[in-house]
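As a plain string of letters, each chain reads:
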Amino acid sequence: MDLEVLAQIITGTATLIVAFVLVYQLRQQHKDTEIQISMMSETLNERIHNFGNYDKDYYEVIYKGLTKEFEEFSDLEKWKFERWAGLVFRRIVQDWRLGRVNRNKEAYKIAFKSLFKYKASHYLYLNFQRKALMGFEKIPEWKKGLYKISDECFEEITGTELSDWRS
C-alpha cells in the first residue's frame with residue numbers, strides 16, 4: 001500500500017469520526033433545546049394559572065369567569081378576561097404546533113378542559129378561538145386534530161352539540 005492510499009484512508013476515517021461527533025452534538029443540542037422549551041412552557045403555565053401573579057382586581061375577574069357568562073362582564077372585565085383566556089389558548093396552540101407531548105390527545109383534552117371550565121371562556125371559544133383553529137386546519141403544514149379535540153372538550157363541558165355551529 002503506498003503512502004497516498006494510506007493518507008486517503010486516514011483522511012476518510014477522520015472525516016467519518018468528525019461526522020459522528022457532529023451528529024452526536026446535534027442530538028445532544030436537540031435534547032437540551034427540548035428541555036429548555038419544556039421549562040419555558042412550564043414557567044408560562046405557572047404564570048398563567050398562579051393568580052399570585054395578578055393584582056386582586058384581575059384575578060377576581062378570572063374567578064368571576066368560572067360562573068358568569070362573558071356577556072355579564074363590564075367592558076373592562078371583558079378585556080381582562082379575554083387577555084387571560086387568549087393567553088391560555090395561545091399556549092395550548094403553541095404546544096400543539098411544537099409537537100409537545102407528541103400531540104397526545106389526552107394531554108390536550110386536559111388543557112382545553114382547564115380553559116372551558118370557565119363559563120366566560122365559552123363565548124370566546126365560539127366566537128374567536130374556534131374560528132382560529134378552523135383556519136389553522138386549512139394550513140398544509142399544520143398538524144391536524146387540535147380543532148376536533150377542542151370541540152370534543154367543549155361539548156363535554158357544556159353539553160352543547162357543536163354541529164349546529166359548524167361552518
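Placed above this text is the structure.
For every chain, the first residue of its written sequence is number 1, and the numbers climb from 1 along that sequence. Under the rules for a predicted model, residues below a pLDDT of 70 receive no local features and side-chain atom pairs below 80 are neither given nor counted, while totals for whole chains, interfaces and linings still include all residues. With hydrogens and water stripped out, all remaining heavy atoms of the structure feed into the side-chain values.

The next point concerns the overall build of the protein chain. Strands here mean DSSP runs of E at least two residues long; helices mean DSSP runs of H or I at least four residues long; both are numbered from the N terminus. Secondary structure assignment for the protein chain yields 6 helices and 0 strands. Ordered by position from the N terminus, the helices and strands of the protein chain form the series α-α-α-α-α-α. Working definition: with a 1.4 Å probe on protein chains only, accessible area under 20% of the residue-type maximum means buried, over 50% means exposed, and in between means partly exposed. In the protein chain, which comprises 167 residues, the proportion classed as buried is 31%. Any two residues whose heavy atoms approach within 4.5 Å are treated as being in contact. Of the contacts made within the protein chain by residues no fewer than 6 positions apart, 60% connect residues no fewer than 24 positions apart. Just so you have it, the protein chain exposes about 11100 Å², and 58% of that area is on carbon and sulfur atoms. Surface accessibility in these figures is a Shrake-Rupley result with a 1.4 Å probe; residues are shielded only by whichever protein chains are displayed.

Moving on, we get to helix 5 (residues 119–136). Residue count minus one, scaled by 1.5 Å, sets the expected span of a helix. Given a rise of 1.5 Å per residue, 18 residues ought to cover 26 Å, and the 24 Å separating the end C-alpha atoms of helix 5 matches this to within 8%. A residue's bend is simply the angle between two axes: one fitted to the seven residues ending at it, one to the seven starting at it. Within helix 5, the axis deviates most sharply at Tyr 125, by approximately 60°. Along helix 5, the residues that are buried comprise Ala 120, Ser 121, His 122, Leu 124, Tyr 125, Leu 126, Gln 129, Arg 130, Leu 133 and Met 134. Buried positions along helix 5 lie against helix 3 (75–98), helix 4 (105–116) and helix 6 (146–158).

What follows is about the nonpolar core. Counting 32 residues, the largest nonpolar core has Phe 81, Trp 84, Phe 112, Leu 133 and Leu 146 as its most contacted members. Contributions of two or more residues to this core are made by helix 2 (56–64), helix 3, helix 4, helix 5 and helix 6. Looking at which element gives the most residues to this core, the answer is helix 3, with 8 residues. Excluding residues within four positions of it along the chain, Leu 133 makes contact with Phe 89, Val 93, Phe 112, Tyr 125, Leu 146, Tyr 147 and Ser 150. Only buried residues count toward a nonpolar core. Its members are Ala, Val, Leu, Ile, Met, Phe, Trp, Tyr and Cys residues joined through side-chain atoms within 4.5 Å.

For this document, the term salt bridge refers to a Lys or Arg side-chain nitrogen within 4 Å of an Asp or Glu carboxyl oxygen. Evaluated as defined, the whole model comprises 9 salt bridges. Note that Asp 95 and Arg 91 form a salt bridge whose closest N and O atoms lie 2.9 Å from each other. Note that Asp 95 and Arg 91 are positioned in helix 3 at a spacing of 4 residues, about one turn of the helix. Residue Asp 95 shares its accessibility class with Arg 91, and that shared class is buried. Between Lys 109 and Glu 156 there is a salt bridge, with the nearest N and O atoms lying 3.1 Å from each other. In this pair, Lys 109 is assigned in helix 4 and Glu 156 in helix 6, connecting sequence segments 47 residues apart. A network of salt bridges, in which partner residues are shared, links Arg 91, Asp 95 and Arg 100.

Let's shift gears to helix 4. Helical geometry: 3.6 residues make up each α-helical turn, so side chains three or four residues apart lie on a common side. Here helix 4 is 12 residues long and its end C-alpha atoms lie 16 Å apart, about the 16 Å a rise of 1.5 Å per residue gives. For helix 4, the full list of buried residues reads Tyr 108, Lys 109, Ala 111, Phe 112, Leu 115 and Phe 116. Buried residues in helix 4, looked at end-on, bunch into an arc of 165°, giving them a common side. Against helix 3, helix 5 and helix 6 lie the buried residues of helix 4. Its side-chain oxygen 2.9 Å from the backbone nitrogen of Glu 106, Asn 104 forms the N-cap of helix 4. Starting at the helix axis, one direction is taken to each C-beta atom, and the arc is that of these directions. A 3.5 Å cut-off defines polar contacts: any pair of N or O atoms within that distance qualifies, except that in protein one atom must be a possible hydrogen donor and the other a possible acceptor, and neighbouring residues in sequence count only when both atoms are side-chain atoms.

Now for the side chain of Gln 129. Along the chain, Gln 129 turns up in helix 5. If sequence neighbours within four positions are ignored, Gln 129 has contacts with Ala 85, Gly 86, Phe 89, Leu 115 and Leu 124.

Right, let's talk about a nonpolar patch on the surface for a bit. Think of a patch as exposed residues, more than 30% relative accessible area, with no salt bridge, where like charges cluster within 9 Å and nonpolar side chains (Val, Leu, Ile, Met, Phe, Trp, Tyr) cluster within 5 Å. Taken together, the side chains of Leu 3, Leu 6 and Ile 10 make up a nonpolar region of the molecular surface, amounting to roughly 320 Å² of accessible area. Classification of Ile 10 as exposed rests on a relative accessible area of 53%.

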